[in-house]
Every structure is written in C-alpha cells, then in structure tokens.
Amino acid sequence: MIHVGENSWNLRVYITDLQIEKNIRVKGEIHVGGVMLKLADYDSPKDWSDHALWWPARNMWLTRTKSTLDQVGVNADAYLHFTPMHKMLRVQMPDLRYIDASVDFSITTFSSVVQLCKSLGISHPEELSFSRPLEHAHLKANYVDLQKKKLIYNNDNHTNAEVERNRTPTNFYSKSFGGSNGSLEITRYNEPGHEITMPTAQLNTTPGSQHDSSFSNGKNHHHHMNDTFEDLTNSPRFPTPEAKSRLLQPKSLLERARLNVGWLDSSLSLMEQGVREFDNLLLRFKYYCFFDLNPKTDATRINQLYEQAKWTILNEEIDCTEEESLMFAALHFQVNLQNSFGNGMNTSNQFDEADDIDAALSELEISLKGQSSEHESNITYIPELKDYLKLLKPKKFTLKQYKRYWVVYKDLRLFLYKIKGDQDANLPPVSDVNLRGCEVTPEVNLMHQKYAIKLEVPADTPNGTNQEIWIRCDHEDQYVKWMAACRLASKGRSLADSAYQTEINNIKQFLLLQKPVEPANVPVDESNIEPSEYFSKRLIKKLRSKAVYRMLEAHGNVKHLTTLDAKLNYIKAWQSLPEYGVSLFLIKMNGSKKEELLGIANNRIMRIDLNSGDHLKTWRYSNMKAWNVNWEIKAMMVQFQEESIVFSCLSADCKIIHEFIGGYIFMSMRSKDNNQNLNEELFHKLTSGWC
C-alpha cells in the first residue's frame, strides 16, 4: 500500500482497450465518475462513453458514477479495470445458427436479452433468456457434482457478493401473490416470528438507464448496435457441424431435468456470472406462454419458435406418439418444400388468410353472443355433456378392466350412473368426481381407432396424491367433445365458457393433421429424402424403410399450407402435446430421502414420479399465496391455500426454480394492450429472490 499525501493513494487501473495499467492519485471522497474522467485520454479520438469500471476481486461493476470510492468500498488494495460495457458475444439462436452480437455486459441479463431481441426484431423478449451451452457430461451428473467437477461455472461467490452489498444477511424472502387481483407484497423475514416490510425498489425500466449520465455530460451511455444480421425469418436447412455435434438427446426424465441447469440468473449481469467477451451463450425461449403470435408482424419470432419446437421434437426432449411424429415430420417437410420452391413467407396470402381468420373470429363472437342470449332468461342454466362411456380406475397389482357408465359432466364434475334411467329417475350417482385442476393426457391411436383420455384428479385431502381415471370413447366425435370438456376443467372452466367450441375445433384440427392420406404429388425423389432430417433416432429405428413413405402419406394433409402456415401449425401441434411447456427439476421434499421430479408449467406446479412420469400432485398458481427462498440451505418453500411444501433442488440452483415461478406469474399479468411498455421492475420483483 503506497500513500501519496494525506488521505490519498495511488489507485491501479487496467485500461483494457489500450492494454496498459495506469496509476492515478485519488481520495476516498472522489466520485466514480471522477475516476473515469482521470482515466479517459481526451487527446485520443477514441469514444470513452461506453466504458465503465469493473472490480474483478468483488465481481461487480461500478456503474453508479455519483457514488464515492468510500461508498463503494474501493481502497488502496483495489485493482480495477476500465473496460467497455458492450462486448462481443457469440450467440446461438434457436435455429442453431451462430451470430456475433454486441451485448451490454454491465446491465442485468434480462435487460441484455431485451436489447438483443430488439436489435434482432424479436418481439416479447421477456419470453427468452440466455443459457450456457451444455455438454453430454452435464446430463450425467447433478448440479452439486457438476460444481465439484468444474463442469459448470460456480456463481455462488459472485451471487453472495451481490447479495451482501444490496441487503443484510437474512434467511427467507417471501413474495406474496394475490391470485385474484394480482397484488404483490414483498416481505423480509429476519428471525422466526419477525417480519419486516421492505420498501419497493425503484428500478428504471429504460435499457441502459442504470448508468448515470454525469461522465458523458448528458450523453446516453447506451451503445446502439449497428450490427446487420442475416434474415432470421427463415433458417438454414441444416445446422453447422459444430452445432450438430453439440446437440443433446436426453434418454430419460432425469436427463431432461438436468437440461435446465444452464439458465443464467436474470437479475445479475453477464460479467457477474463469469461470462466474458467472445464466449458462447444460447438464446432460447424459456417461458412457454407466447403472447400474441401475430403472423403479420412476428415472422422472426414465429420462425425461431418453430425452430426451437422442431429441435425439441427431433432431440426427443418431449414424448410423441408415432402418428404425432409423422405429423411433425410432414409439416417440417412442407416448410422445406415451400422454401425450395422460393415461396418464402408468401406474405400476400398470409395477410389475406389472417384477415379471413379475423372475420371468422368476429362471426364466432356474434354466434356465441346469440347462444348466450338464448339462456338470458334462465340464469340457472348450466350446460351438460352426457353419454355412455367406459371408465377405469386402475389400482396397483390389479388387472385393468373398463366398466360402462352413463356419464354426466356438469359444472366441472363427473357424475357416474349405472344406466341412463338412474339419472332420469333422480337416483344418486354411484360416483362423483371433481375435475377442477385435473391433469389431462390424450391416449389416441388413429390407426387402431382407439380414443382414450387419462385423467389425474387432485385428491380431496391436501396430502393425498392424484387419483387416476381413464375414459375410453367409442369414436372420434365423442372423444373430441369429452377431451375438450376435460381440458377446460383442468383450467377451472366449465362448458358455459365460450372457449369450449374453440377447444373442440383445435382438437379436431390436431387429429386431422395426423390422419394418413394418399401421398401428395410433389416433385421430389423419395430416395433423396434423408429420414434423420425429419425423425428422431428412436422413430427411424422403429419405422426403418417405411419412414419416408409414411411421412409423405401424412404430408397429404398439409400440402396446401404456406411456409408461415406450416410453421404456425407446427407450433400449435407442439403446444397440444401432453408434456408441452413443463420444465423439469430433480428435487427432494423436506424430510424425504426419495428423489422426485418437479414440473413447472405456465399455470401450475407438479410433483412427478421419477421413474413412471405419473403426476402425483398438482398445485395451481391460482391457489398459491407465497414462494420463498432460503439462501443459506438452498431450499424453496411454496405456500398454497391448503398446505406448504419445502424442497431442495438437486439438478439446478434453486434460484432457477424461483425464477421460473415468478416469471410465469409475470407472464400471466401481461396486458392485452400491445402498446404497453415492458415492466422490467415488476419482473425483477417476482424473480430476483430478494428486494
């Protein structure tokens, strides 16, 4: 430590652009901006406005230029870097292509993604995030083991430094969410039984605004990217050899859960998480609730979403039946076919069809209003669905046998009668099942004309597991009506909901796309089609030489679609899969030695059996009161109306689970007004884990 004069010292600063070290005389009361002024060489034509001070030892940016060195803790032992805030990052897009982009490393990762998506023309950037590229070894070990083997960057020290300078040590932070009115309350727990209400943090939501303007004399520090990128509305047909070699294909539910270890912390900057210039990161859709997919304005977003869905199917990150896989392959083939003919987006037809859709929706709205008016005189009218169905309630170690009942669905409940006459005679049902919040899984085989619905119904008691019920329908029309009713029931919506007919139409369309027809007359040589481009390895092994012919059969249903329509149908079919939108994590419940899976979706949390994949318990966000983090023991606590659950996460940092829950709640609070500004402050309140 070298003192120069009273209360002053030499501060060592490394200027990264010039690759030189500079010693400047400072005092504790000098502002950070003053230090930057001393460092900037104004005789040089270089623009220093994008530069800031980085403190490697503390893993933190000194971006508050009005703070003094004493206030930020800088002393004579400190060694700082004077470096650009915007740095080049190698980003892999959802379509697996790589782009080099200038990204702000000094703001939160959330804000960096927002800025990048704006430059790429991707709307609703809150749905995406950065993830670290994973290797095959990451699927073979849990998070703690990966840290020991140094296969993934350890952020604990950096995170603790960030927490320590922003808040005093605590045990739990709780975010209470009112499901009815969307109210949010943040509470800090210091000691058991003592709650301290914390003031709401004031965050500026303008990108780059956290940097004070004193250093640049009123100029905006944010560097606007002038990079020109390739057309992202259409993607290369084949990934590069590098990208293909890095594709991961999980072989089990456990390996699928370990895929989520790579997500970055949205509330910390890239530099704070060990990301450096020219590093590789993946840009992916993280939250599976896509707001307002508009074919007129969202061509880039639709294409990238289609590509992510496509690779999810091909890499078997989600289960598909054989018929569903053939449908996806046919849509994929149609996209390639249209692109090879040079039809591109076919924008003129696209807009005409979009207008037709708008007109059809208007007609549907009018018809629904007309239907509702028929019952205005009878406010007690409750729609019913009734028919003879075969039901099964499987139990362990017993043979599965369906039994025929007269089934009445009314007001979210199934009433089972032995015969139709029992209902007519007002006799009590033999069974009564509440379907509110149930899990619904289709079990359909079109080739063998089998139509079944698997229901996992919430137990009557808080600690009970889901009850499993199977429904077998006699034909497709019956299946479509009952499947639509069950799906609405899972969301707490009855047959009176106007979405019932829409759900029926969606299911019909999904089935129609899977029905084989005569192969379309297309100018292609079947022998030149590579099955591995359209099918997963498992399905190629199963279908063998018949794979291409079966795909061309399915293609007959989609041969009329434009490129954009084929992509939208692919996304829509992807969203109809039973496992769609469920992010898995390996956990241990408090007091249990058994490893289980936790599934997080856009409206619920699920406890899942690790071996069978059965849903043991489902909790809806609408019944959630609060979600808390214990940073010391890395545990999550989620409070619901009836019970609370506490668990530790084995496959990833618990912060990732916390961010998924808060992120989905944020997505549900988005307004229908497309002109609204993105509320970054609210996002961080819900996801950061601290105030």
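The structure under discussion appears in the preceding block.
Below you will find a few notes about this structure. In this text, all values refer to a predicted model and were calculated from it rather than measured experimentally.

Brief notes about the overall build of the protein
Then, number 1: For the protein, the helix and strand inventory stands at 18 helices and 26 strands.
Then, number 2: Counting across all 691 residues of the protein, residues that qualify as buried make up 53%.
Then, number 3: When contacts within the protein are restricted to residue pairs at least 6 apart in sequence, those whose partners lie at least 24 apart make up 65%.
Then, number 4: Here the protein has roughly 33,100 Å² of accessible surface; of this, 48% comes from carbon and sulfur atoms.

Section: the packing of helix 3 (residues 109-120) against helix 18 (residues 680-687)
Two packed helices can be described by the angle between their axes and the distance between those axes.
Then, number 1: Look at helix 3 against helix 18: their axes get within 11 Å of each other, and the N-to-C directions meet at 140 degrees. Between helix 3 and helix 18, the crossing angle belongs to the class labelled oblique. The two elements helix 3 and helix 18 cross, and the hand of that crossing is right-handed. Between helix 3 and helix 18, the residues in contact are Phe 110, Ser 111 and Val 114 and Glu 680, Phe 683 and His 684, respectively.

Description of the sheet that holds strand 18 (residues 450-457)
Then, number 1: If you trace the 7 strands from one edge of the open sheet to the other, you get 16-15-14-13-19-18-17, paired in antiparallel fashion. Here the strands that pair on one side only, and so sit at the sheet edges, are strand 16 (431-434) and strand 17 (439-445). On average, each strand axis in the sheet is inclined to that of its neighbour by 35 degrees, with strand direction left out of account.

Some thoughts on the side chain of Gln 92
Then, number 1: Here Gln 92 lies in strand 6 (residues 86-92).
Then, number 2: A distance of 3.3 Å separates the side chain of Gln 92 from the side chain of Tyr 98, its partner in a polar contact.
Then, number 3: Aside from chain neighbours lying at most four places away, what touches Gln 92 is Arg 97, Tyr 98, Ala 243, Leu 281, Leu 282, Leu 283 and Arg 284.

A short note on the state of the cysteines
Then, number 1: By the definition in use, this model includes 0 disulfides.
Then, number 2: Looking at Cys 438, it has no disulfide partner, and the nearest cysteine sulfur is the one in Cys 486, 6.0 Å off.

Cut-offs and rules
- Residues numbered from 1 in each chain as written.
- Predicted model: local features only at pLDDT ≥ 70, side-chain atom pairs only at ≥ 80, totals over all residues.
- Heavy atoms only, no water.
- Helix = DSSP H or I, 4+ residues; strand = E, 2+ residues; numbered from the N terminus.
- Buried < 20%, exposed > 50% of the residue type's maximum accessible area, 1.4 Å probe, protein only.
- Contact = heavy atoms within 4.5 Å.
- Areas by Shrake-Rupley, 256 points an atom, 1.4 Å probe, with all protein chains shown as cover.
- Axes fitted to C-alpha atoms, helices over the stretch in contact; angles between N-to-C directions.
- Parallel < 35°, antiparallel > 145°, perpendicular 65-115°, else oblique.
- Left-handed = near helix turned anticlockwise from the far one by under 90°.
- Pairing = 2+ DSSP bridges.
- Polar contact = N/O pair within 3.5 Å; in protein donor to acceptor, adjacent residues only side chain to side chain.
- Disulfide = S-S within 2.5 Å.

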